[in-house]
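# Tertiary structure, described
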Amino acid sequence: MKNFVVKTIANAAALAVAVWLLDKITLTGDSTGKKTLTLIVVALLFGLVNFLVKPIVKVLTFPLFILTLGLITLVVNALMLLLTSWLADKFDLSFHVDGFWTAVLGGLIISIVSWAMNVVLPDDKD
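Worth saying up front: this structure is predicted, and the values here are computed from it rather than measured.

Under the counting rule described, the total for this entry stands at 1 salt bridge. When the shortest N-O distance is used, the salt bridge between Asp30 and Lys34 registers 3.5 Å. Using a relative accessible area of 48% as the deciding quantity, one classes Lys34 as partly exposed.

Below, the structure is given as structure tokens:
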């Protein structure tokens, strides 16, 4: 359970950094509390998408991983971010990613920040 919370916090922080750095990734709300709650729910959605959909996409695109020496990972991460944006729209959350190239850059930022947060935050292995 602690590992799940840590990963959700890392995803939320990574999404917040992407929203802060890229003006085409938007998070709107009336107050800071609503924005924070939306960010946490979007982080949960993003984690769910990465847990359920990403492994299937990776298996289906395995030849492209070999052919591009793993650079297709940027495209897969962008697609997962776009899928999260679409799901957020369906759940009436105020999170939106505008465009594929924004999603590529956002996916790169989220990957780097999430990795750094997972290094800094404690996990269940202790």
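That covers the picture; the talk isn't over yet.
Below, the discussion takes up helix α5 (residues 72–90). Helix length check: α5, at 19 residues, gives a terminal C-alpha distance of 27 Å against a target of 27 Å (1.5 Å per residue), a fit within 8%. Within α5, burial applies to Ile72, Val76, Asn77, Ala78, Met80, Leu81, Thr84, Ser85 and Ala88. Backbone geometry just after α5 places Asp92 at a positive phi near 60°.

Under the UniProt annotation, "transmembrane region" (unreviewed entry) lies at residues 38–57, 64–88 and 100–121. For residues 38–57, the end-to-end C-alpha separation is 26 Å, with 95% helix and 0% strand making up the annotated structure. Measuring from the first to the last C-alpha atom of residues 64–88 gives 29 Å, for a span that is 84% helix and 0% strand.

Rules used throughout
- Residues numbered from 1 in each chain as written.
- Predicted model: local features only at pLDDT ≥ 70, side-chain atom pairs only at ≥ 80, totals over all residues.
- Heavy atoms only, no water.
- Salt bridge = Lys/Arg side-chain N within 4 Å of Asp/Glu carboxyl O.
- Buried < 20%, exposed > 50% of the residue type's maximum accessible area, 1.4 Å probe, protein only.
- Helix = DSSP H or I, 4+ residues; strand = E, 2+ residues; numbered from the N terminus.
- Expected span 1.5 Å × (residues − 1).
- UniProt positions renumbered as here; feature names shortened; annotations may be inferred.

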